[in-house]
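The lines below spell out each chain.
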Amino acid sequence: MAKDLLLEIGTEEVPAHFMPGILAQLKEKATAKFQEMRLNFDEVTTLGTPRRTALLVKNLAETQQGASSEYKGPSTAIAFDKDGNPTKAAIGFARGKKVDVADLVVKDGYVYAVSSEEGKQTVELLPTLLKELVEGLNFPKNMRWGDLDFRFVRPLRWLVALYDEEVIDFTVANVKSGRVSRGHRFLSEGDFTINKASDYEQACKDAFIIVDQEKRRDIIKAQIEEIAKAHNGHAEITEDLLEEVIYLVEYPTALCGTFEDKYLKLPKEAVMTPMRDHQRYFPVLDDNNNLLPLFITVRNGGDYCLDKVQHGNERVLRARLADAQFFFDEDRKHSLYDYVEKLKTVVFQEGLGTIYDKANRLAELSAFIGEKVNATEAEIKTTKRAAILAKADLVSAMVCEFTELQGIMGREYALLDGEGQEVATAIYEHYMPRFAGDAEPASVAGRLVSLADKMDNIVATFSRGLVPTGSQDPFALRRQALGIVHTIIEANYTISISEIADKAMDLLNITDSEKRAEIQKNVAEFFTLRLKNVLGDNDVRYDIIDAVLENADEVAGTYAKACVTAQEIASGVLNDAIQAFVRVGNISKKAENNVINEALFTLDEEKALYNTYVAVAKDVETALNNKDYKTAIDKMQELTAPINNFFDNVMVMDKDEQIKNNRLALLKNIDTLIKSIADFGKIVL
């Protein structure tokens, strides 16, 4: 018979952003542990609030599955003498495996020792298993308390461990497991008893704890939407804020507050940022997405005295918005361009000048990139102006107080200064993409300044020897390199990564040739790995990535080539061609040069292959110049039959050295043409 298992780890409040990872980790470790211990179960679930992390296992078997092991020993010729009696070899093998020599099993000409292990009762295994689960959890940050050496995310306060109705006894950090949990700090009467594991959620609910995070999510979302609708608006519910709020409360009650209309004159983000990022409030918008003088917050408690809670939250937000108004008014005493001069007081990186110097580099580097991608003169002019102003808002009062507004306030101040929509948009977009899944810059100037900014950061940091290793990436260079890759792919720019890096080094006054070569090598490897990640995320097979991606210098072309090659291989039309291409690649390695002498061809099959190669090479070159990789692959398939006929009827390694080398040179040229698309020898058919 199977029973339910409950483990509840009670702590002081855990940071909200830690909780999803902790719950996922506990589920993964528990599942692996039960499988390792041969304990059958139906389902493992993890539930959590700020003060508790719970594990529920449905229908955990009462008895561990038995196990049998089979060990191969010596051959029968060695294990037994001519009379069939066990030899010293057999006796020693049996003794080593702790079985009687008479119980050895003969199979396939060898003797085997078979041992069986009877399964233990689950209740015997659980104390050690649960203790190891608790102690084995890892956290971004740990705490120690009292005189204990034990480390945990927050101090342990209670443990509940029930196998159906039976308490599983174990102790961690002087906290002994039992069946008593703690209710809501304010709404409940305090501690409460859980009689059996299956009663857990209801027992928590009776103590004003909604322990299931998904149920809390649904409750919070429904309450917010209902309140916003009642005020003729809709709440802006971002997933990251919603998830954070879920792990800030145990019993949610949403409520609405107001603020003065005068603050609506501020830029929208200047109001929403302190509201959302600092106070964890949800903004309310009208049907035209204009901000309303309302906010919605979620209380960790019931609906009593909501007017006082509302008043308290309004006072806090009013102070925040008053600060925002003051900073905005102070900033508007100067134009955005006035702040460019102040950038001379802000260091960019040690030994690499100031942000002012960086702004000037961005103007030159973004213009250089613009010329390479055939941007118009007007676009380059806009780009250079945006680059000069891109970092100016970093020294504004508003951004110094609310750092999340960098780029946003630059855009708003540029518009107020009459810089023009294109410049303002580029200032905002040059930070994009800001995070995984964020959009790439959409405007030409935004793309160019974004590419220049990120490449300048990467090259500058690499020049200091700070290349990301392992999990260490304090400057978020991997994210920035991914941003460059995604932006180039999205815009379909034909541009060389090494060229941009080279220009960035010029602007950083890096003159040492060895250092420049080392930086280029690191940049090439860094971007190649990023492009591999992007292709893998788009379900391109690993072998196709390896076949196409020699390096990522021309990002957009390599990406498109890999995607087209993957589609062609998936369709199966390339199977015969790949086999022919691989034969060419293998034997062409013996070629000493690639110089072809047409007069040395003596057989029809080699002449036919040469003529086909000449025609195909011309068409493939045209297709590659037009980035038409499908046509290039289709054309290369025309080589399949001539290649096969050549190998069937021509002796490549002819006794005549000139003829042999000429045939190898032909194959070498064909192999080079084929590898302009991919090294098909790496493809797994």
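Residues numbered from 1 in each chain as written. Predicted model: local features only at pLDDT ≥ 70, side-chain atom pairs only at ≥ 80, totals over all residues. Heavy atoms only, no water.

Considerations on helix H7 (residues 239-246)
No. 1: Taken together, the buried positions of H7 are occupied by Leu241, Leu242, Val245 and Ile246. Seen along its axis, H7 keeps its buried residues to an arc of 140°; they face one direction.
No. 2: Close packing links the buried residues of H7 with helix H6 (213-230), helix H8 (268-278), strand S15 (282-285) and strand S16 (291-300). (Buried < 20%, exposed > 50% of the residue type's maximum accessible area, 1.4 Å probe, protein only. Helix = DSSP H or I, 4+ residues; strand = E, 2+ residues; numbered from the N terminus. Arc of directions from axis to C-beta. Contact = heavy atoms within 4.5 Å.)

Focus on unusual backbone geometry
No. 1: A cis amide bond links Met432 to the next residue, Pro433, at an omega of -10°.
No. 2: The phi dihedral of Phe208 falls on the positive side, at around 60°, and the residue is not glycine.
No. 3: On the secondary structure map, Phe208 appears in the loop between helix H5 (200-206) and H6.
No. 4: Assessed through its relative accessible area of 32%, Phe208 is described here as partly exposed.
No. 5: The backbone of Asn232 shows a phi angle near 60°, a positive value even though the residue is not glycine.

Notes on helix H1 (residues 19-36)
No. 1: Under the 1.5 Å per step criterion, the end-to-end length of H1 is 26 Å for 18 residues, consistent within 8% with the ideal 26 Å.
No. 2: Those residues of H1 lying buried are Met19, Ile22, Leu23, Gln25, Leu26, Ala30 and Phe34. Taken end-on, H1 shows its buried residues confined to a sector of 165°, consistent with a single buried face. Along H1, the residues that are exposed and aim more than 90 degrees away from the buried face are Glu28, Gln35 and Glu36.
No. 3: Here the buried face of H1 lies against strand S1 (2-11), strand S2 (43-49), strand S3 (52-61), helix H4 (122-135) and H6. (Expected span 1.5 Å × (residues − 1).)

Concerning the pairing of strand S7 (residues 156-163)
No. 1: The element S7 is extensively covered by neighbouring structure, given that seven of its eight residues are classed as buried.
No. 2: Pairing between S1 and S7: seven bridges, direction antiparallel. Paired with Thr11 across the bridge in S7 is Leu156.
No. 3: Examined bridge by bridge, S7 and strand S8 (residues 166-167) share two bridges and lie antiparallel to one another. Each residue of the ladder has a partner; that of Leu162, found in S8, is Val167.
No. 4: Hairpin connection between S7 and S8: a loop of two residues separates the two successive antiparallel strands, and Asp164 in this loop has a positive phi of roughly 60°. (Pairing = 2+ DSSP bridges.)

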